[in-house]
Every structure is written in C-alpha cells, then in structure tokens.
Amino acid sequence: MKRTILLISLVILVLGGMAIGRALTVGTSADFPPFEYVEDGEFVGFDMDLIRAIADVAGLEIEIVDMSFDSLIPALAAGQLDIVIAGMTITEDRQRAVSFSDPYWTADQSVVVREDSEENLTVLFGNKRIGVQTGTTGDLWVEENLLNTGILTGRLVRYDTFVMAMTDLANRNIDAIVLDSPVAERFAAQRPVRIVGIIVTGENYGIAVRRGNQELVDTINEALRTLEDTGKIGELVEKHFQ
Ligand code: ARG
C-alpha cells in the first residue's frame, strides 16, 4: 500500500514537473527579414510570430536565442537547442542530422547587386566576388554550380549574417549576394540593392528538432494545421508580406 502511494505520488510529481517543464530553447539566426530579425531589441518576423503561435496552441513555453546560421544544426544535435526556426530549407543532408516539421514556406534563390551597379546575371560568371551566408543553401549552390565548375573564377565570400554581406556589398567589397528570394525582395525594398536574377530551387522551409524527436514533430505539425485552419497563418502572411 505504502509503495503504491509512493509510486502514485512519484508519477504525479514527474507528470507535474513535465507540465510545468522547462522552456524549450528555440534557435534562430535573426538576420533574415521578414522571417526573423531584431527590432527594438526584440526578435520579430514571420517565423518568430509563427513559433510563438505554435507554442500557444501546443501549450509550450519557449525561449528564443540568436546564433549564426551554421551553428544552429550542431547546437540542436548537441542538445543546446530544442527547436530551430530560421527559414531553414529541408534538405536531405540536414535530414540526416535533424528531423523537420511539414513545410511551411517555399522559396528560390535570388541574385542581388548594388542598385547603382551595371551588373546583371552575368555577375555570377568570371572573376567576381559573390557573398553568401555560411552554410546556407545559397552557399552550397554557388559552391557546387559556380565554383567547382570553374564558372566563377573569383571568390566565394562567406558571412556569418546577411546583414554583414549587405554592408560589404554596399562598400563594394563584393559584387553580388545569393540568398533566398523572399529575403532578397525585402532587402531590395529597404536598401539600395536590386535583384538581377532568380535561381529556381523550389526550397521548402521546415522547423527542425533533434533527429527522431517524433513527439515534438507531431506536436508542431498539429499546431501548424490548427493555425492554418483558424486562419492565423494567413494573418501572419498578411502582416509580414504585404
Ligand atoms: N533557406 C536557406 C537555408 O536553409 C537560408 C536560411 C537562412 N536563414 C537565416 N535565418 N539566416 O540554407
């Protein structure tokens, strides 16, 4: 009898502890408007609102931390993060290291140059300096298709953040940047840069969790469906993309 009571109290204690739980740590790379960026010291953008809405629907506590894009997957795998939302493309390579939610966005790559430059799409050919964010699909695309093939004979310059790449573009230290199309459009609306070409890659963004954490993937997917059905996602699209 005593043992049963002890056992029951223990179960209650553990369940209670789980419910109160510790906050889940969400990693992002807040240099990617309109998905994630910093405004007045706050993490804002579509992804930031989306993950907060998911947490609300699923009853999760979250805490958002900012790091360089290429540290997100290692940090997730190492257990320092529980979730990554960073406009992250679902790729086969990444799927070997982490598990992804259902896709929530689709994007291509864009080629961006200074507004006042004469450059066009041929900026990708020859002795040019092309900027990318380290470890992104844009980085891989330029490396595989331009650098390894000898089409780009200049340099591939890797940056921790797109904000740094944009600054270097403005300062004429590089000739172009390859980055996701929705983000390129936002930068082009806010800075003296323009888009000279689209590379159709048809990438899907997903929310990543530790590999095999199916329970959290299911929770996130279910929340995504609820937010779609209630029109919340539509609202967030309106808010961040009109
Ligand atoms: N979609 C691209 C990728 O997954 C770029 C993502 C960059 N995200 C960011 N928050 N800086 O590689």
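Going by the structure above, here's the rest.
This one's a predicted model, so the numbers in the text were calculated from it and none came from an experiment. (Residues numbered from 1 in each chain as written. Predicted model: local features only at pLDDT ≥ 70, side-chain atom pairs only at ≥ 80, totals over all residues. Heavy atoms only, no water.)

Next up on the list: the overall build of the chain. What the chain contains, in helices and strands, is nine helices and 13 strands. Overall, the chain is about 85 × 35 × 30 Å in size when its C-alpha atoms are taken along their principal axes. Buried residues in the chain amount to 45% of all 242 residues. Accessible area for the chain stands at about 12300 Å²; split by element, carbon and sulfur atoms hold 52% of it. Computed over 20 positive and 37 negative side-chain charges, the inter-centroid distance for the chain is 5 Å. (Helix = DSSP H or I, 4+ residues; strand = E, 2+ residues; numbered from the N terminus. Buried < 20%, exposed > 50% of the residue type's maximum accessible area, 1.4 Å probe, protein only. Areas by Shrake-Rupley, 256 points an atom, 1.4 Å probe, with all protein chains shown as cover. Lys, Arg positive; Asp, Glu negative; His and termini not counted. Charge placed at Lys NZ, Arg CZ, Asp CG, Glu CD.)

Turning to the sheet that holds strand 13 (residues 208-210), a few remarks are in order. With mixed pairing, five strands are arranged side by side in an open sheet as 5-1-6-13-7. One side of each edge strand has no neighbouring strand; the edge strands of this open sheet are strand 5 (62-66) and strand 7 (98-100). Looking at chain direction, strand 7 and strand 13 are connected through three bridges and run antiparallel. Residue pairing for strand 13: Val98 is matched across the bridge by Arg210. Taken strand by strand, helix 2 (residues 46-58) contacts strand 1 (24-28), strand 5 and strand 6 (83-84), and its axis lies near 160° from that of strand 5. The strands touched by helix 3 (residues 69-77) within the sheet are strand 1, strand 6, strand 7 and strand 13, with strand 13 carrying the most contacts at an inclination of about 35°. (Pairing = 2+ DSSP bridges. Contact = heavy atoms within 4.5 Å. Axes fitted to C-alpha atoms, helices over the stretch in contact; angles between N-to-C directions.)

Let us look at the packing of aromatic side chains. The description of an aromatic ring pair uses the distance of the two centres, along with the angle that the planes make with each other. Overall, the coordinates contain eleven aromatic pairs when judged by the stated rule. Relative to Phe35, the ring of Phe32 has its centre 5.8 Å away and its plane inclined at 35°; by these criteria the two rings are tilted. Residues Phe32 and Phe35 agree in their burial class; the two are buried. Each member of the aromatic cluster is reached from another via a ring pair, and the members are Phe32, Phe35, Phe46, Tyr104, Trp105, Phe162, Tyr205 and Phe241. (Phe/Tyr/Trp six-rings, centres within 6.5 Å; stacked < 30°, edge-to-face > 60°.)

This next bit is on unusual backbone geometry. Cis peptide bonds are those with omega within 30 degrees of zero, and the linkage from Pro33 to Pro34 qualifies with 5°. When you line up the elements, Pro34 lands in the loop between strand 2 (31-32) and strand 3 (36-39). In the Ramachandran plot, Asp40 falls in the positive-phi region, its phi being about 50° despite a non-glycine side chain. Mapped onto the elements, Asp40 comes out in the loop between strand 3 and strand 4 (42-44). For Asp40, a relative accessible area of 77% gives the class exposed. In the Ramachandran plot, Arg172 falls in the positive-phi region, its phi being about 65° despite a non-glycine side chain. Mapped onto the secondary structure, Arg172 falls in the loop between helix 6 (162-170) and strand 11 (176-180).

This part covers the packing of helix 2 against helix 8 (residues 214-229). Interaxial distance between helix 2 and helix 8 falls to 9 Å at its minimum, and their mutual angle equals 100°. With respect to each other, helix 2 and helix 8 are oriented roughly perpendicular. Residue-level inspection shows Leu50, Ala53, Ile54, Val57 and Ala58 of helix 2 in contact with helix 8, the latter providing Thr219, Ile220, Ala223, Leu224, Thr226 and Leu227. Residue composition of the contact of helix 2 with helix 8, by class: nine nonpolar, two polar and no charged. (Parallel < 35°, antiparallel > 145°, perpendicular 65-115°, else oblique. Nonpolar A, V, L, I, M, F, W, Y, C, P; charged D, E, K, R; others polar.)

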